[in-house]
Amino acid sequence: MLKYTDEHEWLRLEGDVATVGITDHAAEQLGDLVFVELPKVGATLAKGAAAAVVESVKAASDVYAPVDGEVTEINDAAVSSPESVGTDPQGAGWLYRVRLSDPSQLDGLMDEAAYRAFVG
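Below: a short report on this structure. (Residues numbered from 1 in each chain as written. Predicted model: local features only at pLDDT ≥ 70, side-chain atom pairs only at ≥ 80, totals over all residues. Heavy atoms only, no water.)

### Focus: the pattern of salt bridges
Basically, it comes down to this: Salt-bridge detection follows one rule: a side-chain nitrogen of Lys or Arg within 4 Å of a carboxyl oxygen of Asp or Glu. Only DSSP runs of H or I reaching four residues or more are called helices, and only runs of E reaching two or more are called strands; each is numbered from the N terminus. Here the term buried applies to any residue with accessible area under 20% of the maximum for its type, exposed to any over 50%, and partly exposed to those in between, with areas from a 1.4 Å probe on protein chains only.
Under the defined criterion, the tally for this structure stands at three salt bridges. Between arginine 97 and glutamate 73 there is a salt bridge, with the nearest N and O atoms lying 2.9 Å from each other. Of this pair, arginine 97 sits in strand 9 (residues 96-100) while glutamate 73 sits in strand 8 (residues 69-74), placing them 24 residues apart in sequence. A relative accessible area of 34% means that glutamate 73 is categorised as partly exposed. Note that arginine 116 and glutamate 112 form a salt bridge whose closest N and O atoms lie 3.6 Å from each other. With arginine 116 and glutamate 112 both in helix 4 (residues 112-119) and four residues apart, this pair spans about one turn of that helix. Owing to a relative accessible area of 40%, glutamate 112 belongs among the partly exposed residues under this scheme.

### Side note on the layout of surface pockets
Put simply, the rule reads: Throughout, the protein atoms alone are placed on a 1 Å grid, and a set of points is a cavity if a 1.4 Å probe fits but cannot get out or a pocket if it is open with protein on both sides within 12 Å along at least five of seven lines; lining residues have an atom within 4 Å of a point. Grid points are joined across faces, edges and corners, and a volume is the space filled by probe spheres set on the points. Only Asp, Glu, Lys and Arg are considered charged, only Ala, Val, Leu, Ile, Met, Phe, Trp, Tyr, Cys and Pro nonpolar, and every remaining residue, Gly among them, polar.
The calculated volume of the largest pocket comes to roughly 170 Å³. Counting residues per element, the ones that place at least two in the lining of the largest pocket are helix 1 (24-30) and strand 7 (60-64). Residues that form the lining of the largest pocket fall into these classes: six nonpolar, four polar and three charged.

### Topic: a nonpolar patch on the surface
Selection rule: A patch consists of residues whose relative accessible area exceeds 30% and which take part in no salt bridge; residues with like charges are grouped when within 9 Å of each other, and nonpolar side chains (Val, Leu, Ile, Met, Phe, Trp, Tyr) when within 5 Å. Note that accessible areas follow from Shrake-Rupley with a 1.4 Å probe, and for residues the cover is restricted to the protein chains shown.
On the surface, a nonpolar cluster with roughly 280 Å² of combined accessible area is contributed by Val34, Phe35 and Val57. On the basis of relative accessibility, which here comes to 37%, the residue phenylalanine 35 falls in the partly exposed class.

Spelled out as structure tokens, the structure:
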């Protein structure tokens, strides 16, 4: 199941763990990424709070937590090769994985069709 936020994050649910990253649209808007900062494994995230930072030659942008939960894994490759987040944001450029505290929060997120309509 793939879900999207209005802040241009995506998440893919596998059991009670979601993989999170930025959308293709966000990556296109940011341009070439030069720096990625991720949360620490074990960190507790609150929905809507800043969880990570992606920085391009144009600007730095916060990546917000789409759900409450605990970080179970980070993508070290995204930190060592920030360009991968820009070139394959919904694949190899994922950012972190989070164990959901409240799965009902998924109900407030968009599916792919709704997100495509949102970005126009």
